[in-house]
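# Remarks on the overall topology
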Amino acid sequence: MRITKEEFKQRLARKVRNYYEEEISEASNAELFAALSAIVRDGFAPQWRRTRISEKEQKQKQVYYFSIEFLPGTLLKSNLLNLGWLETVSEALEDLGLDLDTIATAEPDMALGNGGLGRLAAAFMDSLASTGYTGNGNGIRYKYGLFKQKFVNGYQKELPNDWLKSQDYWEVRRESKSVLVRFGGQVHMVDDNGWLVPQYEGEEVVRAVPYDIAIVGYQNGLTNTLRLWDAEIPPEGELNYPTIEDRRRIEDITSILYPDDSNYEGRLLRLKQEYFFTSAGLQSILNYYVKEIAKHDFSELPNYVAIHINDTHPALAVAEMMRLLVDKYRVSWDKAWNITVKTMSYTNHTIMQEALEKWEISMMSELLPRIMQIITEIDRRYVENLKNKVSDEVIERTRIIKDGKVRMAHLAIIGSHSINGVAELHTQLLETEVLKDFYNLYPERFNNKTNGITLRRWIQIANPDLSKLLDKTIGKEWRANSDEMLNFEKYLHNSETLNSLKKIKYDNKVKLAKLIKDRTGIIVDPKAIFDVQVKRLHAYKRQTLKLLHILHLYQDLKAGIDHPKRVVIFGAKAAPSYVFAKQVIKVINETANMINNDPDIHDKLKVIFLENYDVTLAEKIIPAADVSEQISTTTKEASGTSNMKLMANGALTVATMDGANIEIKDAVGEDNIFSFGLAKDEVYKYYASKSYHPRNLYENDAVMKRAVDSLIDGTIPNSNSEGQALFNNFLEDNEQFLVLADFSSYIKIQNKLEQAWAQERLWYQMSLVNIAHSERFDVDKTIKRYAKEIWHLNQLKIEKTK
Ligand SMILES: *Cc1c(COP(=O)(O)O)cnc(C)c1O
């Protein structure tokens with residue numbers, strides 16, 4: 001549906017008048033945002049309805065993406081872009097003396113995720129709609145999103161993120177689709193005409209109410225649904241006189257997003273969340289199937305429904321599907337199992353042991369008694385089936401229940417027809433190390449799907465000037481078909497294009513410099529190298545290695561050894577309970593304070609740690625980055641996606657050969673990336689032989705020693721204990737992230753980078769190659785592979801609106 005500037009202006013005037021009895025000129029920014037988002041909603045409403053009708057008519061297979069996190073950021077601009085309205089609306093507002101970017105600041109960032117995992121889920125939603133597939137998200141409507149981060153005296157403080165207070169712009173409550181979810185109590189199996197059915201007693205009943213969010217496809221007339229579940233007290237009859245306690249206990253289920261993507265706390269509540277959204281999602285899928293598709297003929301289910309388990313959090317889907325099929329719909333166990341495995345697929349996101357969830361049997365039995373019985377039976381049959389086919393050791397290593405615990409990854413693997421890793425190296429490590437036994441049992445189930453990013457958000461929305469340069473050089477087709485971006489490489493020797501790239505980057509840096517000044521008071525020179533590391537704070541991601549480099553540069557500068565001007569920019573939240581990560585934040589902040597205020601340094605080196613890194617801030621930092629720091633310990637970063645976003649915006653990558661960095665190097669060639677550090681085999685050798693002794697490195701490398709010692713010799717003020725903690729960590733025998741092992745090669749590659757920076761033309765040529773090849777990481781390519789190879793979907797036929 002097209003819109004003209006005049007039509008839009010009229011609609012805006014009308015909305016503002018209707019809502020607030022005001023003229024546009026009198027409306028506040030928040031009011032303008034409310035009116036504008038209402039116009040956008042009216043814009044996609046017809047196609048949202050039409051998509052639902054087409055789904056019912058065509059009965060195309062649909063995928064349901066189950067994820068405990070979704071991190072979409074803000075939706076105003078992406079909805080405008082996908083409707084095809086962005087330019088028109090932006091210009092119309094300008095005519096009225098208004099600014100879209102300013103109005104957009106009124107939208108809260110929807111932070112229902114921690115980092116990469118949640119961001120990927122959100123990108124998949126956008127991409128499924130944009131590539132024309134009917135895909136639905138299934139998750140939790142957390143009352144409080146990821147905490148807001150503040151720094152007080154250099155320490156991280158966490159503030160509640162009450163995002164719903166100011167938001168109901170995009171969601172639609174669908175009470176009629178509510179379902180009930182049961183927890184706890186006793187379960188007895190009773191005979192009902194020869195079928196054993198569970199009878200529950202004393203269980204807690206919770207009402208799951210869905211809130212649907214429209215996911216508008218990119219200018220293709222299709223709009224999908226992201227369904228987020230809220231927990232409420234059940235209707236009368238289920239719980240007669242709910243007390244305040246009852247209400248609180250129930251509302252707690254969807255109250256907070258666990259602020260960590262690797263260690264979990266509040267374990268019981270976390271397990272409750274996992275079952276809550278998994279059960280609610282599956283019930284609603286089966287309700288739809290029975291009503292609209294095939295009544296009670298469940299043998300057809302895998303032809304109509306694909307269920308994706310994003311990491312282990314929704315792995316209970318395997319057991320819950322069995323429960324619904326066997327207990328509710330009375331499908332025989334064997335048939336139900338066959339259907340379940342054909343329907344489910346699972347993505348593994350990490351090889352970090354602490355992130356592979358395990359639940360105590362006792363907790364599971366108490367909270368989910370019937371589910372625990374079903375898991376026990378799945379496990380029993382698994383063991384039974386493999387007896388005498390493989391060794392007892394393999395069975396013990398792979399079974400679901402072991403040492404009093406339920407291993408969720410094993411449940412997901414045994415119950416799915418597809419298991420994928422998220423980058424080539426990661427999948428290879430799953431097959432040869434972490435899940436080796438399973439790979440030997442089910443080689444056909446394993447496959448790789450390298451992550452991707454939505455170029456719509458990270459180039460078209462975040463970097464409009466770069467988008468215009470691409471339009472001008474290679475034509476507009478790249479916006480819908482990223483293959484076209486490869487043509488940009490033809491401009492490698494075109495001075496005008498290289499100069500434009502330089503100017504665009506500079507302008508973006510000026511904008512970021514202004515943001516930095518506004519938020520921190522610190523003035524940075526946009527002509528300096530903007531060196532960016534933005535991601536969750538975690539030992540394996542090694543913000544510590546960047547810190548050592550900063551200390552090294554500082555000491556050089558103090559000693560009169562010159563370096564090109566550099567601004568190091570961090571953005572990172574630490575899980576509130578992650579002590580080491582918080583110590584790193586404190587030391588970086590104190591180091592920044594010291595350097596930024598040292599008159600000897602002036603503006604040769606600045607260190608900026610911006611508070612509250614989220615999608616909205618990412619959209620401002622990434623287009624202004626010259627350098628992308630992707631320096632995890634090789635083997636530890638499954639894929640990474642900020643590496644892709646930064647590359648797409650022309651930053652040059654400094655990278656260990658980890659995760660998708662390897663594929664970036666493949667794409668751009670080794671001359672267009674700065675790779676360094678231990679190789680995979682070297683890392684594994686250290687682990688296997690336990691022969692990593694960093695103290696030897698430290699004693700024998702004066703440059704390293706100087707940097708590391710500054711953590712404890714009083715150089716950095718106000719951080720004695722934290723500096724000491726970092727120092728001790730680095731020097732510990734077999735320190736698992738091998739920081740000092742990579743130190744000297746990191747310093748070397750940074751020197752090489754400085755030389756490249758001095759050759760301006762060369763630098764922007766490298767930048768251009770990176771932009772052109774970011775097409776390889778277009779999430780639409782990723783999603784088409786999932787659709788074809790895992791979910792077996794066909795595109796929905798839908799009329800493109802005029
Ligand atoms: C992309 C993104 C991430 C993931 O970053 P990695 O470097 O891949 O860990 C985390 N947080 C936000 C806000 C992002 O946009």
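No experiment lies behind these values; they were computed from the predicted model shown. Counting restarts for each chain, with residues numbered from 1 along the sequence as it is written. The predicted origin of the model limits local features to residues at a pLDDT of at least 70 and limits the giving and counting of side-chain atom pairs to 80 or more, whereas totals for whole chains, interfaces and linings rest on all residues. Only heavy atoms go into the side-chain values, all of them from the structure, while hydrogens and water stay out.

Let us look at the sheet that holds strand E22 (residues 605-610). In short, DSSP must find at least two bridges between two strands for them to pair. Helix and strand assignments follow DSSP, with helices taken as H or I runs no shorter than four residues and strands as E runs no shorter than two, numbered in order from the N terminus. Taking strand neighbours across the sheet as the criterion, the six strands line up as E22-E21-E20-E23-E24-E25 in an open arrangement whose pairing is parallel. Each edge of the sheet is formed by a strand with only one pairing partner; in this case those strands are E22 and strand E25 (674-676). Averaged over all adjacent pairs, the angle separating strand axes in this sheet is 20°, with direction ignored. As defined by bridge partners, strand E20 (residues 529-534) adjoins strand E23 (residues 627-630) across two bridges and the pair is classed as parallel. Bridge assignment links Val532 to a residue of E23, and that residue is Ser628. Throughout, a residue-residue contact means that at least one pair of heavy atoms, one from each residue, lies within 4.5 Å. Geometry is summarised by axes, namely lines fitted to C-alpha atoms with helices restricted to the contacting stretch, and by angles between N-to-C directions that run from 0 to 180 degrees. Contacts from helix H21 (residues 543-558) reach E20, strand E21 (566-571), E22, E23 and E25, with the element oriented near 155° to E21.

What follows deals with the site of the ligand. Taken together, the neighbourhood of the ligand is formed by 14 residues, with Lys535, Lys541, Thr641, Ser642 and Lys645 sitting nearest. Separating an oxygen atom of the ligand from a backbone N or O atom of Thr641 is a distance of 2.7 Å. Identification of polar contacts relies on pairs of N or O atoms within 3.5 Å, with a donor-acceptor requirement for protein atoms, meaning one able to donate a hydrogen and the other able to accept it, and with residues adjacent in sequence counted only if both atoms are side-chain atoms. One nitrogen or oxygen atom from the side chain of Ser642 is found 2.5 Å from an oxygen atom belonging to the ligand. Accessible surface area values rest on a Shrake-Rupley calculation with a 1.4 Å probe, where residue burial reflects the displayed protein chains alone. Expressed as a share of its isolated accessible area of 400 Å², the protein-covered part of the ligand is 96%. Contributing elements (two or more residues each) for the shell around the ligand: helix H6 (116-130) and helix H24 (642-648). Under this grouping Gly is polar, as are all residues other than the nonpolar Ala, Val, Leu, Ile, Met, Phe, Trp, Tyr, Cys and Pro and the charged Asp, Glu, Lys and Arg. Residue composition of the shell around the ligand, by class: four nonpolar, five polar and five charged. Domain ranges listed in this record stem from an automatic or a database domain assignment. Mapping the shell around the ligand onto the domain boundaries places at least three of its residues in each of domain 2 (59-73 + 109-451 + 785-791) and domain 3 (508-777). The nearness test applies per residue and asks whether one of its heavy atoms lies within 4 Å of the molecule or strand.

As annotated in UniProt, the feature "modified residue: N6-(pyridoxal phosphate)lysine" (unreviewed entry) corresponds to Lys645 in the numbering used here. Here Lys645 lies in helix H24. Overall, Lys645 belongs to the buried group, its relative accessible area being 7%. Those residues within four positions of Lys645 in sequence are excluded, and the remaining contacts are Arg119, Ile453, Trp458 and Ile622. UniProt positions are given in the numbering used here, feature names are shortened, and annotations may be inferred rather than shown by experiment. The buried label goes to any residue with under 20% of its type's maximum accessible area, the exposed label to any with over 50%, and the partly exposed label to all in between, with areas taken from a 1.4 Å probe on protein chains only.

The span expected for a helix works out to 1.5 Å for each residue beyond the first. When the terminal C-alpha atoms of helix H29 (residues 720-731) are compared, their 17 Å separation across twelve residues agrees well with the 16 Å that a helix rising 1.5 Å per residue should span. Regarding H29, the residues found buried are Glu722, Gly723, Ala725, Leu726, Phe727, Phe730 and Leu731. Those residues of H29 that are buried lie in contact with strand E6 (155-159), H21, helix H22 (579-596), helix H27 (694-699), helix H28 (702-709) and helix H30 (739-758).

With antiparallel pairing, the three strands of this open sheet are ordered in space as E15-E17-E16. Pairing within the sheet leaves two strands with one partner each, and these edge strands are strand E15 (358-360) and strand E16 (401-402). Pairing analysis gives two bridges linking E16 to strand E17 (residues 405-407), with the strands arranged antiparallel. What sits directly across from Lys402, in E17, is Lys405.

A word on the nonpolar core. The term nonpolar core refers to a set of buried residues drawn from Ala, Val, Leu, Ile, Met, Phe, Trp, Tyr and Cys, joined through side-chain atoms within 4.5 Å. Counting 273 residues, the largest nonpolar core has Phe276, Met364, Ile375, Leu548, Ile569, Leu740 and Trp791 as its most contacted members. Per-element tally for this core: the top contributor is helix H8 (residues 267-294), with twelve residues. What Leu548 contacts, discounting residues up to four positions off in sequence, is Ala707, Val708, Leu711, Phe730, Val739, Leu740 and Phe743.

With that settled, consider H21. Counted at 1.5 Å a residue, the expected span for H21 with its 16 residues is 22 Å, and the 23 Å between its end C-alpha atoms agrees. Among the 16 residues that make up H21, 15 are buried, leaving the element largely enclosed by the rest of the structure. In the segment just after H21, Gly560 is the residue with positive phi, at about 85°.

Quick look at the environment of Val567 now. Within the secondary structure layout, Val567 lies in strand E21. Along the sequence, Val567 and Thr312 sit 255 residues apart, while their C-alpha atoms lie 39 Å from each other. Discounting residues that sit within four places of it in the chain, Val567 has contacts with Val524, Asp525, Ala528, Ile529, Phe530, Asp531, Lys606 and Ile608.

This brings us to the side chain of Lys272. On the secondary structure map, Lys272 appears in helix H8. Overall, the relative accessible area of 9% leaves Lys272 in the buried class. Dropping the residues within four chain positions of it, Lys272 is found in contact with Phe183, Glu204, Arg249, Ile253 and Leu367.

This part is about the pairing of strand E11 (residues 204-216). Burial of E11 is extensive: 13 of the 13 residues sit out of reach of the surface. Both faces of E11 are covered, namely the face carrying Glu204, Val206, Ala208, Pro210, Asp212, Ala214 and Val216 and the face carrying Val205, Arg207, Val209, Tyr211, Ile213 and Ile215. Both strand E7 (residues 171-173) and E11 contribute to a ladder of three bridges, which runs antiparallel. For Val172, the partnering residue across the bridge sits in E11 and is Asp212. Pairing of E11 with strand E12 (residues 223-232), which is carried by ten bridges, proceeds in the antiparallel orientation. Paired with Ile215 across the bridge in E12 is Asn224. The hairpin formed by E11 and E12 contains six residues between the paired strands, and Gln219 there has a positive phi angle of roughly 50°.

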